[in-house]
Structure formats: C-alpha cells, structure tokens
Amino acid sequence: MDLRQLRYFTAVAETCHFGQASERLQVSQSTISQAIRALEDELGATLLERTTRLVTVTTAGAFLYSEAEQIFRRVDEAAVAVKRLAAGKSGFLRLGMTGIATYAYLPRIARLLREELHGVVLSVRGDMLTPDQCDALRSGALGLGILRPPVVGDGIETLPFVKERLLLAMPEAHPLADKPDLTLIDLRDESWVAYDGDHSPLNDAASHACLQAGFTPRRAHFGLTTSVLLGLVAAGLGVTLVPEGARALPRQGVRFREVDGVGELEQVLAFRKDARDPVVDAAVSLLQARWAEEPVEA
C-alpha cells in the first residue's frame, strides 16, 4: 500500500464517482480503477462496491478512509515540520553569552527568537568568557556565541553584532564622581580593578586608553566577571572601564561617567565554520537584520 493508492481511493470514497475523482486528481479513470483494484488485492478486502451507476464504500473501505485521513494529516504535518527545520524555524539553539550580554541583551534576543523563530527551543549559558565560548563552539556544546573578539583558537567564524561605548565606573562617593569634564588623566593616581585572565579585550582597551591619556593604570584588584568588578568598585577598591551594557547589572554604590577618548568595544556573533546548522543560520540572520532597528537603551 502506498500513498498514491490511498489518495486515489479517498478521492473516489469522497465523491462516490470515478469520473469526478478523475477530474479532481487529473488522472485517468482506468489508472485510478487499476490502483484501487491492486490495493484491494493487497489488503484482501473489497473497499468499494461498484455498479454501472453507483459506487458505494464498504465497511472495510469506511475504516480505511478514516485511517487514511489521519495518515495524510500526519504526512502534511511531517512535511511542514521538515520545512521548518530546514529553514531554521524550529529546533534547538544552544547560545553562549558574555556576562554583559546576558544581563543587557538576553531579554531582547529571547523576544526576537520567540516572535520570529517561535519553534526554536533556546538553551542559554551566560557569563562565559571568550576562550570558554570558543572551546564550547568547537566541541558542539554551543551552536552560537556572543563574545568579545579576538577569538581564541581556530575554526571559529564571527560576524558583527553590537558596538558599545566604554564608561568609567567609580565609587558613588568618590571625590571626583561629580567633577565636570572628568578625564582619564584625573584618575592617574587611582587604584584600578581589572579582569583576571590572559585574554581580556576590556583590560587591553583600558590600558590603551590610559596610555593614550599619559599614564599606566595601577591595577590593584581583579575579578573574573563585570559584576565582580562593579562590586569591587562599589566597595571603594578602585575604578575601571566597562562597556555601557554594564548599566544593566546591579550597580548600587557605583557611578557611571562618560569620558572622552576611551573608545568602544564590540561583541560579535560567533559560530563554528565547519558545522552549518539551519537554526544557527536563521538566528544569525534574524539578529543581524533586526537588532539595529531598535537601539538598546543601556
């Protein structure tokens, strides 16, 4: 029994007329009749009673017709599901994010995916440093990463996503917190808090900005994440530069100031070069197309 035979049979069962079934299917009556005869022979049951004027459905035929309706419905559903999978509109997306992106961008990313790719199940690992994301992308533990370049190791492709201004984070009660026209050189004698690790684009950006201002920052305390750094700042242990997305982090006791000449950093979309995934491709296309439409208020 195949789907062609079932379609021919259901057309005749619905019309009780071989001629009308032939017109509907655009198939000759003899072809339809032969297919149904072959189906009856295979099943060992009479499905249609035929006379010169009338075609009626037998009890066996009525049962097969009800089963065929469910079969065709499942076939149609399967076809739709396959098309959605191939288009990246359903499936599973494992997303890695930096700490800043987790707090500042995850709600909007999740909303966009829900609105446009609502069949995609999202699994998020937040507060991931760039080296950890690169390792997870290569191993397949992540499908897509939002990280700060440069990537660590080979086999990772990146595309532009978000550029962030750098802000000065200082204790709320700092004597310079309300100073008009604050510049980095005003902070040359301050203690600085910095990211702990060998690969920190933020440390590099802060060092470059301070050197451009004429001094080398004196790093006194370290932390692995931006939230830890802001905690050290709130405790009065130093100042630091952070991306503007850090405004989304809990920041009691911290004052953010815009300072000229500190530049900006970017976060990129990262994925494995040799592992094309329709869901990843669809998510990347969506985020690149829609993200700039509504600039995020940090």
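Scroll up for the structure.
Structure report, in brief.

Conventions adopted
- Residues numbered from 1 in each chain as written.
- Predicted model: local features only at pLDDT ≥ 70, side-chain atom pairs only at ≥ 80, totals over all residues.
- Heavy atoms only, no water.
- Helix = DSSP H or I, 4+ residues; strand = E, 2+ residues; numbered from the N terminus.
- Rg over C-alpha atoms; globule rule 2.2 N^0.38 Å.
- Buried < 20%, exposed > 50% of the residue type's maximum accessible area, 1.4 Å probe, protein only.
- Contact = heavy atoms within 4.5 Å.
- Areas by Shrake-Rupley, 256 points an atom, 1.4 Å probe, with all protein chains shown as cover.
- Polar contact = N/O pair within 3.5 Å; in protein donor to acceptor, adjacent residues only side chain to side chain.
- Core = buried A, V, L, I, M, F, W, Y, C linked by side-chain atoms within 4.5 Å.
- Salt bridge = Lys/Arg side-chain N within 4 Å of Asp/Glu carboxyl O.

**Describing the overall build of the protein**
Part 1 of the argument: Broken down by element type, the protein carries 10 helices and 11 strands.
Part 2 of the argument: Against the 2.2 N^0.38 benchmark of 19 Å for 298 residues, the protein shows a C-alpha radius of gyration of 32 Å, more extended than a compact globule.
Part 3 of the argument: Oriented by its inertia axes, the alpha-carbon framework of the protein measures out at about 105 × 35 × 25 Å.
Part 4 of the argument: For the protein, with 298 residues in total, the buried portion stands at 43%.
Part 5 of the argument: Contacts spanning at least 24 positions in sequence make up 72% of the contacts within the protein whose residues lie at least 6 apart.
Part 6 of the argument: Total accessible area computed for the protein in this model is approximately 15600 Å², and 50% of it derives from carbon and sulfur atoms.

**Quick word on the side chain of glutamine 267**
Part 1 of the argument: With respect to the helices and strands, the residue glutamine 267 is situated in strand E11 (residues 264-272).
Part 2 of the argument: Given a relative accessible area of 0%, glutamine 267 falls into the buried group.
Part 3 of the argument: Ignoring any residue separated from it by four or fewer positions in sequence, one finds glutamine 267 in contact with Thr98, Ile100, Ala101, Tyr105, Ile146, Leu147, Arg148, Pro160, Phe161, Val162 and Glu164.

**Let's talk about the side chain of glutamate 164**
Part 1 of the argument: Residue placement: glutamate 164 occurs in strand E6 (residues 156-171).
Part 2 of the argument: Within the local environment of glutamate 164, its side chain forms a polar contact with the backbone nitrogen of glycine 245, the two atoms lying 3.4 Å apart.
Part 3 of the argument: Setting aside chain neighbours within four positions, we find glutamate 164 in contact with Ile100, Tyr105, Arg148, Pro243, Glu244, Gly245, Glu264, Leu265 and Gln267.

**A word on the nonpolar core**
Part 1 of the argument: Within the largest apolar cluster, 58 residues are counted, with the highest numbers of intra-cluster contacts made by Ile109, Leu144, Leu168, Leu184 and Trp192.
Part 2 of the argument: Ranked by size, the runner-up nonpolar core spans 19 residues in total, among them Val12, Ala13, Val27 and Ala68.

**What about the pattern of salt bridges?**
Part 1 of the argument: Scanning all chains against the criterion turns up 13 salt bridges.
Part 2 of the argument: Linking arginine 165 and glutamate 244 is a salt bridge whose minimum nitrogen-to-oxygen distance equals 2.9 Å. Here the residue arginine 165 occupies a position in strand E6, and glutamate 244 occupies one in the loop between strand E9 (240-243) and strand E10 (254-257), the gap between them amounting to 79 residues.
Part 3 of the argument: Residue classification places arginine 165 among the partly exposed residues on the basis of a relative accessible area of 36%.
Part 4 of the argument: Across the salt bridge formed by lysine 179 and aspartate 186, the nearest N and O atoms sit 3.4 Å from each other.
Part 5 of the argument: With a relative accessible area of 25%, aspartate 186 lands in the partly exposed category.
Part 6 of the argument: If you follow the salt bridges from partner to partner, you end up with Arg111, Glu115, Glu116 and Arg290 in one network.

**What about unusual backbone geometry?**
Part 1 of the argument: Following proline 149, the chain continues to proline 150 via a peptide bond in cis, the omega torsion being 5 degrees.
Part 2 of the argument: In the Ramachandran plot, cysteine 16 falls in the positive-phi region, its phi being about 50 degrees despite a non-glycine side chain.
Part 3 of the argument: Structurally, the position occupied by cysteine 16 is in the loop between helix H1 (3-15) and helix H2 (18-25).
Part 4 of the argument: Exposure remark for cysteine 16: the relative accessible area of 33% places this residue in the partly exposed category.
Part 5 of the argument: The phi dihedral of glutamine 26 is positive, around 60 degrees, even though this residue is not glycine.
Part 6 of the argument: In this structure, glutamine 26 sits in the loop between H2 and helix H3 (29-43).

So, to be careful, I would describe these as geometric facts and stop short of saying anything about function.
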